[in-house]
Amino acid sequence: MLENIDFTLIDWSRAQFALTAMFHWVFVPLTLGLGFMNAFTETVYYKTGNPEWKKLTKFWMKLFGINFACGVATGLILEFEFGTNWAAYSWFVGDIFGAPLAIEGIFAFFMESTFVAVMFFGWDKVSKKFHLASTWLTAIGANISALWILVANGWMQNPVGTAFNPDTARNEMTNFWDVLLSGTAVNKFIHSTTFGFVLAAVVVIGVSSWYLLKKRELLFAKRSIVVAAVFGLISSIALIVTGDTSAKNVVKTQPMKLAAMEALYDGSENAPLVAFGILGGSETHKNINANSRENFVFKIEMPGMLSFLAHGDFKTFVAGIKDLVLGNESQGIMSYSEKIRRGHIAAQTLVAYKDAKLNNPDGEEFRMLKAKFEDETFMNDYFAYFGYAPYYDENPDVLQQNAFKLVPPISLTFYSFHLMVILGFYFILFFVVVLVLIFKNKYHNKCWLLWVSLISIPLVYIGGQAGWIVAEVGRQPWAIQDLLPVVTAVSKIDASSVMITFTLFAVVFIALFIAEIMILLKQIKTGPKIEEETSNV
Amino acid sequence: MFETLSHLALQQYWWVLISLLGAILVFLMFVQGGQTLIYTLGKTETERTMLINVLGRKWGFTFTTLVTFGGAFFASFPLFYSTSFGGAYWVWMVILLAFVLQAFGYEFRNKANNLFGTRTYEIFLFINGLIGTVFIGTAVATFFTGSPFSVNTMNLSQWETPWHGLELALNAHNLSLGVTVFFLTRTLALLFFLSSVNDEVIEHRVRKQLWYNAVPFVVFFLTFVVWLMLRDGFAVNPDTTEVFMQPFKYFNNLIEMPLALIIFLTGVLLVLCGIIITLFKISFKKLWLISSIIIILVHVLLILVSKYDTKLFLGTLLVYMGLQFGVKPATKGIWFAGSGTILTVFALLLIAGFNNTSYYPSYCDLQSSLTIQNSSSSYFTLTAMSYVSLFIPFVLAYIWYAWRALTRKKIDRAEVETDENDAELY
């Protein structure tokens, strides 16, 4: 089956989606965090009536606004790209995925975009109270918008609360709350939004530090830093905690992703965690086979930590890539070849079901097949591997080779994961240092630290992108874990069409991204404006 | 409460919601229409800034409605989403690109140091206005004219031409709707400018332009509608679910669904009213008299054409009279034309999906045509989403409140020229 697949099309479709998603994630996290910081500082202004706080709020709001529009634009493309580039996927998941998306549109997104207008244009047009409420609602709306799309993503990583319907050939929702409150979804939401908070805090501290370096806007900058550092420290702790829970979830639902994150070829008890490492021989990680061995040029290990991280116990077994592909009887791990065989049987059963329904819907055969799809044993033992079916081949050697194609790109996942974790811990340290020094009133004198703050801005963006690479590249080739691989999910169009649209989007995004950076830099250079207090309605 | 409904009732409920969202979207696309007029109406930078800012304070609504329309369609009729978006790839890609340009156009146009200069971003807005209206209109027309696709037993769809949607733009009937939407949104934009820009020079140009846009709009609209009424439609046999071609299908749908007919005629009348009162500066009294006569005539006609019952007659008559008393004097043509647009498009989408009609037909393989029954989400999902839809009135209420709060005063030169804080201007 695999030989009939146009992998160029799949690669370009993935590239286009990744491009849009990554640009989206450049703009969105800042709005998630900055929204709440604006709401907080405006509340201080509302309570004290001190125009300095209004000035502060308005300045950061301006940066918020520029990002907001870009986030909205890239978000629209993402939403439609599910349909344009992943048509089969859209049908297969529409029944689950569609609902959160519709809620997002109807409820959260309208809230966000309605009140964002009041926030920008309403300063002298609506009462102070209504304006403050709008600022809060914009922040809340932005974060709830993020909730729904992350619920959808969580479901793709860990499909729960649904059942397969052979008549429509798709998964259908059976329990809305299971989908919404699944551990993966909740964790993903908190992890992503708190990252947004951390990012906004780092940006605010970085920009303010630039003012301190230039010896401008001293009071404004210090105030902004205090608010941001407190907000950032609390958020970064939540970020690390949810990161840890996230890893524990991955062990259960996506063991292959965990193995790739650690480049762990052979599983073991008391498995060590690679704190830092450089992989050797780039080719060996691409064409994996039964003889592949782990290959590090250099690594620092923490013995037993991976077992502890995964299961909360140093002694437990953590599965490696080869255990998962080849199976490991002593640990009760089924091989990928077996899963592919079972998936193939499930797919054949579905085809037979469709034929029987068409030819003789009253016959005994149809009734038997229908019963299979209602039989829990069949669904759990065979249908659970439905997505493996396209990798089936009659020749066992080819099948074995195909099984290794289910391994995600290792070096990209490995490096992204380690970069993300290192940066995560760095930011906690960063916020602590900034907070201590700012309270001792020494921060503005430490020139080196001001520079470090400034350099931290690109670092935090890199950290966020790395996180999504772990989540999305690490689960390849699955669009939906175990149920739908990307080879089936993709829209059947010519690869050249996707290449053209990819190029168009890339050119437009990059050009406008540069424009955005220039506008932001100009705004920052101009700085906050002191305005005469106008009497409000 | 929604659990007691049948799957079919839920599918119909969601088709009504989708139709309503689509209708509101077409009305809100006056923003796009306005974007194609900035150079025609605005001869100086200040004038253009005024025009772009009255539109700019509304662009988010159009954009959000588009997002919601997409999301709601995905959620309620996912097979449409996968078939149309994955199939008519190029149509949707072009529309998407146009909308990206819009967002950046507004946000960056007036910002210092924006790399490409103000004019580039204004051209972005123009492109969005042109492509957005023509392509969306053309795409919507395929609900009546069909597309080349097939759907297999696994519900996987396949587009049958290598042009991936571009071939749809070669169909004259599709294009007639595309051009209609283009001129309609321009007409709406002109009426909107009259109600929200306080400037004599611009007002003079708007009134002149109204002739150049309203007349072509009416011509193209009539072309599309007459053609639609005369053409064969994609009918579904309710017993066998077999799809077949039926002469005068959409005309019959209107006649067989008197409510849709009333909504349609009311909408058309309101749009025409909005245009006429603005063009001829008709006073409120005269308008009242003329429209009363028209309404009574239409009703008499309706009684003659169909078995029209008297209760419905009196009911709708009362609604009309209520509407006439409810609206403010005739300076605000946009309210007539805007609400009329919503009603007309709503009725058109109703006759596309109801009364045993395929709303997304395939002319390559009739039996692959999508109906609201064979393309929808499951009973459980539609029920869950229907609860969410109860929030829609609240959403509309806060949108209305926020909209009013921001547009109590018309924009004028003074507001644009004295603004010292460029964050508050597009």
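Source: prediction; values computed, not measured.

About the criteria used
- Residues numbered from 1 in each chain as written.
- Chains lettered and ligands numbered in written order.
- Predicted model: local features only at pLDDT ≥ 70, side-chain atom pairs only at ≥ 80, totals over all residues.
- Heavy atoms only, no water.
- Helix = DSSP H or I, 4+ residues; strand = E, 2+ residues; numbered from the N terminus.
- Rg over C-alpha atoms; globule rule 2.2 N^0.38 Å.
- Buried < 20%, exposed > 50% of the residue type's maximum accessible area, 1.4 Å probe, protein only.
- Areas by Shrake-Rupley, 256 points an atom, 1.4 Å probe, with all protein chains shown as cover.
- Lys, Arg positive; Asp, Glu negative; His and termini not counted.
- Charge placed at Lys NZ, Arg CZ, Asp CG, Glu CD.
- Contact = heavy atoms within 4.5 Å.
- Buried area = accessible area lost by both parts, 1.4 Å probe.
- Salt bridge = Lys/Arg side-chain N within 4 Å of Asp/Glu carboxyl O.
- Polar contact = N/O pair within 3.5 Å; in protein donor to acceptor, adjacent residues only side chain to side chain.
- Nonpolar A, V, L, I, M, F, W, Y, C, P; charged D, E, K, R; others polar.
- Domains from an automatic or database assignment.
- Core = buried A, V, L, I, M, F, W, Y, C linked by side-chain atoms within 4.5 Å.
- Phe/Tyr/Trp six-rings, centres within 6.5 Å; stacked < 30°, edge-to-face > 60°.
- Lys NZ or Arg CZ within 6 Å of the ring centre and 35° of its normal.

J.: Got a minute to help me understand the overall build of chain A in this structure?
T.: Secondary structure assignment for chain A yields 18 helices and eight strands. Against the compact-globule benchmark of 24 Å for 537 residues, chain A has a radius of gyration of 26 Å, which places it among compact chains. Counting the 537 residues in chain A, one finds 59% classified as buried. Just so you have it, chain A exposes about 20800 Å², and 65% of that area is on carbon and sulfur atoms. Here chain A contributes 41 positively and 44 negatively charged side chains, and the mean placements of these two sets differ by 15 Å.

J.: When you look at the interface of chain A and chain B in this model, what are you seeing that I'm missing?
T.: How big an interface is tends to be stated in terms of accessible area lost as the parts join. The interface is formed by 84 residues belonging to chain A together with 75 residues belonging to chain B. Summing both sides of the interface, chain A and chain B together bury roughly 7000 Å²; the carbon and sulfur share of this comes to 77%. Among the residues chain A hides against chain B, the three largest losses belong to Trp91(A), Ile106(A) and Phe121(A). Together they make up 11% of the total. Our count for the chain A to chain B interface comes out at zero salt bridges. Where chain A touches chain B, the interface holds 13 residue pairs in polar contact (both at pLDDT 80 or more). Tallying contributions element by element places helix H3 (residues 87-121) of chain A first for the side of chain A that touches chain B, with 26 residues. A breakdown of the residues in the side of chain A that touches chain B according to their chemical character gives 49 nonpolar, 19 polar and 16 charged.

J.: Could you clarify how one ought to interpret the domain arrangement of chain A in this entry?
T.: Residues and elements named next belong to chain A. For chain A, the assigned domains are domain 1 (2-254 + 408-525) and domain 2 (255-407). Each of domain 1 and domain 2 was reduced to a C-alpha centroid, and the two centroids are 31 Å apart. Its largest share of buried area at the contact with domain 2, domain 1 owes to Leu-2, Ile-410 and Phe-414, together 20% of the area lost on that side. In this assembly, domain 1 and domain 2 are joined by two salt bridges. In this structure, Lys-370 engages Asp-167 in a salt bridge whose closest nitrogen and oxygen atoms are separated by 4.0 Å. Those elements giving two or more residues to the side of domain 1 that touches domain 2 turn out to be helix H7 (218-253), helix H15 (410-439), helix H16 (447-473), strand E8 (484-485) and helix H17 (486-489).

J.: Please explain the side chain of Ser456(A) as it appears in this structure.
T.: All names here are of chain A. Along the chain, Ser-456 falls in helix H16. Owing to a relative accessible area of 0%, Ser-456 belongs among the buried residues under this scheme. With residues up to four places along the chain from it excluded, the contact list for Ser-456 reads Val-202, Tyr-426, Phe-427 and Phe-430.

J.: Help me understand the nonpolar core, please; the structure alone is not making it clear to me.
T.: Soluble globular proteins: nonpolar side chains tend toward being buried together. With 307 residues, the main nonpolar core has Tyr89(A), Tyr443(A), Trp15(B), Phe193(B) and Ile351(B) as its most contacted residues. Of the domains in this structure, domain 1 (2-254 + 408-525) and domain 2 (255-407) of chain A are the two that each give at least three residues to this core. When residues no more than four places from it in sequence are discounted, the contact partners of Trp15(B) are Phe73(B), Phe77(B), Phe143(B), Leu349(B), Leu350(B), Gly353(B), Phe354(B), Tyr359(B) and Ile372(B).

J.: What am I meant to see in the environment of Thr20(A) here?
T.: Residue and element names in this part refer to chain A. Following the sequence through the fold, Thr-20 ends up in helix H1 (residues 7-48). On the accessibility criterion, Thr-20 (0% relative accessible area) is buried. A sequence separation of 55 residues divides Thr-20 from Gly-75, and the C-alpha atoms of the two residues are 8.2 Å apart. Look past the residues within four positions of Thr-20 in its chain and what remains in contact with it is Thr-74, Ile-77, Leu-78, Glu-81 and Phe-509.

J.: Sorry, what's going on with the packing of aromatic side chains here?
T.: Both the distance between ring centres and the angle between the ring planes are used here to describe each pair of aromatic rings. All names here are of chain A. Evaluation of the coordinates by the stated rule reveals 85 aromatic pairs over all chains. Both rings, one in Phe-164 and one in Phe-383, keep their centres 4.3 Å apart while their planes meet at 35 degrees; by these two values the pair is tilted. Remark: Phe-383 occurs in the loop between helix H13 (376-381) and helix H14 (396-404) and Phe-164 occurs in strand E1 (residues 162-165); sequence separation between them is 219 residues. In terms of burial, Phe-164 and Phe-383 fall into one category: buried. Relative to Phe-220, the ring of Tyr-211 lies with its centre 5.9 Å away and its plane at 75 degrees, an arrangement referred to as edge-to-face. The side chain of Arg-342 reaches across the aromatic face of Tyr-382, ending 5.1 Å from its centre.

J.: Whenever I open this one, the pattern of salt bridges confuses me. Can you help?
T.: Two side chains with opposite charge may pair up if their charged atoms get near one another. What the rule picks out here adds up to 22 salt bridges over all chains. One salt bridge connects Arg367(A) with Glu364(A), and the closest N-O pair in it is separated by 3.1 Å. Pair noted here: Arg367(A) and Glu364(A) are both in helix H12 (residues 364-374), with a separation of three residues, about one helical turn. Beyond isolated ion pairs, a larger network of salt bridges with shared partners links Glu45(B), Arg48(B), Arg109(B) and Glu122(B).

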